[in-house]
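Observations on the model geometry
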Amino acid sequence: MRKIALVLAAALLVAAAPASAGHGGKGAWELGPYGGFSWLDDYDFVKPDNNWLYGARVGYFFTPAWSLELSWQRLKTESDMSSALSSFGLNDDQDVRFTATRLNMLYNFREGSSCQPFVTAGLGSETADFRRVGDTTDLGVNVGGGARWFFTERFGLRGDARYISVNAGGGIGERQGNYEATVGVLWALGGERAPDADNDGVPDSKDKCPGTPVGAKVDGNGCPVDSDGDGVYDGLDKCGGTPKGWPVDASGCPRDSDLDGVVDGEDACPDSPRGAQVDARGCTTDVDGDGVFDGLDRCADTPRGAKVDAYGCPLDEDHDGVFDGLDQCPGTRHGAKVDAVGCEIIEKAPPLFEMDKRTLVLEGVNFETNKAELTPDSVVVLEKVARSLKDWPEVRVEVGGHTDSSGASGYNMDLSRRRAEAVKAYLEAKGIDASRLTAKGYGESRPTADNKTAAGKAKNRRVELTKLD
């Protein structure tokens, strides 16, 4: 126990001292206590129980890879010695202590790393004290391996597993094979720091990626880690976990090239105009469908179909209050009243027949002498008639032709008929349905004035419209 106390005291002094390097650099010392479990082989007549062990060790690193270590450990247990003690009249179970002092060489992997595996082999003094029977000290050979885990530059944990072969001497004369598994703490003191030009924590001798940027995280080979595969190394990446394939900026954060609030990796429309509103896919919206995007549209409630300017506001070239694109009558004269589709409202023509009158003489409708051809001035009157008939579609009329008494009555009858037909044909040409018109010639049979005077004959040469029921 005195030895253990001394070793622990030394370990505490090391823990309190500053470490210049650590992690097992050249010239470093390693100290630490440990504990573990041993699976003990049987001697010829001794059958010791497996049990717990404790110990301490000190080591020195000649190089980062090679170190020499001295250890001391003890295990106390019981053994079944019935065959050996029966002749002495003693009971079967006896205390036994195993003490080992060993000198081992270690080969250490992953120089400068926070996790360092190692393999070991060595020789030692293996003492078995059987109390009442006596003790024996023999040479032991051990091989094994383990690993160190450094939490800081100078402190860590260590785990070992090894096989010990002891050539038991005296009256036993056979080889014993034991197995041990131990765990302990360690302190590292002094030593040279392994060269690490890029300061990534991996020595240059093991660094497969020299020149790693400062601050980047690296793997065991000293190569930068890029967990999200965005091309910006962990440690420098301000937006870790970026989905695969998303474009990122120099800080590793998703890029939004068109500044619409939707990152390029999710933006189905990556070239949206600056200031335009977009949907969840990053595509521009146009609520009123006028071709000017929301956010840029100064007149966001333009009626569907209306033409707009560059700002999304409706156009009205004829200034009639009906937007272009909806205006069915573009170019309406200035100041004219229009209807809902932009067409000028024409006042309804007055009716042809006033009050209870059923007959209307078409004053001003004249024909060439002895012919059924309308004179040019007749057109003005007939235009008004056609307009009135259009505005009053329920009216049906008879076109009656009349002559004076000059000439033969049969000729006059035919001439009046042809003149009535000429007026009817003109009205039909102006869009009056033929079903609303009837033409009839009356000749000289219905005079309205005296045929003996020139004035009377002029009145009798006429065309009348008669309203039909």
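Here, every reference points to the structure presented above.
Since the model is a prediction, treat every value here as computed from it, not as a measurement.

The rules we used
Residues numbered from 1 in each chain as written. Predicted model: local features only at pLDDT ≥ 70, side-chain atom pairs only at ≥ 80, totals over all residues. Heavy atoms only, no water. Helix = DSSP H or I, 4+ residues; strand = E, 2+ residues; numbered from the N terminus. Buried < 20%, exposed > 50% of the residue type's maximum accessible area, 1.4 Å probe, protein only. Areas by Shrake-Rupley, 256 points an atom, 1.4 Å probe, with all protein chains shown as cover. Polar contact = N/O pair within 3.5 Å; in protein donor to acceptor, adjacent residues only side chain to side chain. Contact = heavy atoms within 4.5 Å. Salt bridge = Lys/Arg side-chain N within 4 Å of Asp/Glu carboxyl O. Pairing = 2+ DSSP bridges. Axes fitted to C-alpha atoms, helices over the stretch in contact; angles between N-to-C directions. Phe/Tyr/Trp six-rings, centres within 6.5 Å; stacked < 30°, edge-to-face > 60°. Expected span 1.5 Å × (residues − 1). Disulfide = S-S within 2.5 Å. Core = buried A, V, L, I, M, F, W, Y, C linked by side-chain atoms within 4.5 Å. Parallel < 35°, antiparallel > 145°, perpendicular 65-115°, else oblique. Left-handed = near helix turned anticlockwise from the far one by under 90°.

Attention now moves to the overall build of the chain. Helix and strand counts for the chain come out as five helices and 13 strands. For the chain, buried positions account for 40% of its 469 residues. Summing over all exposed atoms, the chain offers an accessible surface of approximately 25300 Å²; the carbon and sulfur share of this is 56%.

This part is about the side chain of Asp 160. Turning to its location among the elements, Asp 160 is positioned in strand β8 (residues 155-168). In this structure the side chain of Asp 160 is engaged in a polar contact, spanning 3.0 Å, whose partner is the side chain of Arg 162. If we ignore the near neighbours within four places in the chain, the residues touching Asp 160 are Arg 57, Phe 118, Gly 145, Gly 146, Glu 180, Ala 181 and Thr 182.

Within the structure shown, the criterion is met by 15 salt bridges. Its salt-bridge partner being Arg 102, residue Glu 126 comes within 2.8 Å of it at the nearest N-O pair. With a gap of 24 residues between them, Glu 126 in strand β6 (residues 115-129) and Arg 102 in strand β5 (residues 93-108) connect regions that are remote in the sequence. For Arg 418, the salt bridge is made with Asp 414, and the minimal N-O distance between the two is 3.0 Å.

Once that is clear, we can look at the sheet that holds strand β13 (residues 462-468). Across a sheet, paired strands are connected by hydrogen bonds in the backbone, their directions being either parallel or antiparallel. Here four strands make up an open sheet; going across it, the order is β10-β13-β11-β12 and the pairing mixed. If you trace the sheet from one side to the other, it starts and ends with β10 (359-361) and β12 (437-443), each paired once. For this sheet, the mean inter-axis angle between neighbouring strands, taken without regard to orientation, is 25 degrees. Pairing geometry for strand β11 (residues 396-402) and β12, over six bridges, is parallel. Bridge pairing in β12 links Gly 401 to Gly 441. Most of the contacts of helix α4 (residues 409-429) go to β12, to which it runs at about 160 degrees, and overall it touches β11, β12 and β13.

What follows covers the packing of aromatic side chains. The tally for this structure, following the rule as stated, stands at ten aromatic pairs. Look at Trp 29 and Tyr 60: their rings are 4.9 Å apart centre to centre, the planes differ by 55 degrees, and that puts the pair in the tilted class. Here Trp 29, found in strand β1 (residues 29-39), pairs with Tyr 60, found in strand β3 (residues 51-61); they are 31 residues apart in sequence, far enough to count as distant. Summarising the aromatic geometry, the rings of Phe 37 and Trp 52 are spaced 4.9 Å apart at their centres and angled 80 degrees between planes, so their arrangement reads as edge-to-face.

Time to look at α4. The end-to-end C-alpha distance of α4, which contains 21 residues, comes to 30 Å, matching closely the 30 Å that a straight helix rising 1.5 Å per residue would cover. Looking at α4, one finds that the buried residues are Asn 412, Leu 415, Ser 416, Arg 419, Ala 420, Ala 422, Val 423, Lys 424, Tyr 426 and Leu 427. Phi turns positive one or two residues past the end of α4, at Gly 431, with a value near 100 degrees.

Next up on the list: the state of the cysteines. As enumerated under the stated definition, the model contains five disulfides in all. Put simply, Cys 239 and Cys 253 are joined by a disulfide, and their sulfur atoms are 1.9 Å apart. Taking the sign of the S-S torsion, about 80 degrees here, the bridge from Cys 239 to Cys 253 comes out right-handed. Note that Cys 239 is positioned in the loop between β9 (174-189) and β10 and Cys 253 in the loop between β9 and β10, a separation of 14 residues in sequence. The exposure class of Cys 253 is buried, given its relative accessible area of 16%. Residue pairing for Cys 299: its cysteine sulfur links by disulfide to Cys 313, the two sulfurs lying 2.0 Å apart.

Time to look at the nonpolar core. A general tendency of soluble globular proteins is for nonpolar side chains to be buried together. Residues Leu 389, Val 423, Leu 427 and Leu 465 are the most contacted members of the largest nonpolar core, which totals 22 residues. Elements that contribute at least two residues to this core include exactly α3 (378-391), β11, α4, β12 and β13. For this core, the leading source of residues is α4, giving five residues. Excluding its chain neighbours within four sequence positions, the residues that come into contact with Val 423 are Val 365, Phe 367, Leu 374, Leu 382, Val 399 and Val 463. Formed by eight residues, the second largest nonpolar core is a distinct cluster that contains Tyr 34, Leu 53, Val 96 and Phe 98.

Turning next to the environment of Asp 234. Relative to the helices and strands, Asp 234 is located in the loop between β9 and β10. In the structure, Asp 234 is positioned 19 residues away from Gly 215 in sequence and 8.5 Å away in space, judged by C-alpha atoms. Not counting residues up to four positions away in its chain, the partners in contact with Asp 234 are Gly 215, Ala 216, Lys 217, Val 225, Asp 226 and Ser 227.

Counting buried residues in β1 gives eight out of eleven residues, a clear majority hidden from the surface. With ten bridges joining them, β1 and β3 adopt antiparallel strand pairing. Paired with Phe 37 across the bridge in β3 is Trp 52.

Glancing now at the packing of α3 against α4. Close contact between α3 and α4 brings their axes to 10 Å; oriented N to C, the two are set at 55 degrees. Between α3 and α4, the crossing angle belongs to the class labelled oblique. Along this stretch, α3 crosses α4, giving a crossing that reads as right-handed. Taking contact as the criterion, the partners of Val 379, Leu 382, Glu 383, Val 385, Ala 386 and Leu 389 in α3 are, on α4, Val 423, Tyr 426 and Leu 427.

Residues other than glycine seldom take positive phi values, yet Leu 259 does so here, at roughly 55 degrees. Its location among the elements puts Leu 259 in the loop between β9 and β10. The exposed category is assigned to Leu 259, whose relative accessible area is 54%. Phi angles above zero are rare outside glycine, and His 319 is one such case at about 55 degrees. The residue His 319 is located in the loop between β9 and β10 in this model.

The analysis is restricted to geometry; functional conclusions fall outside its scope.
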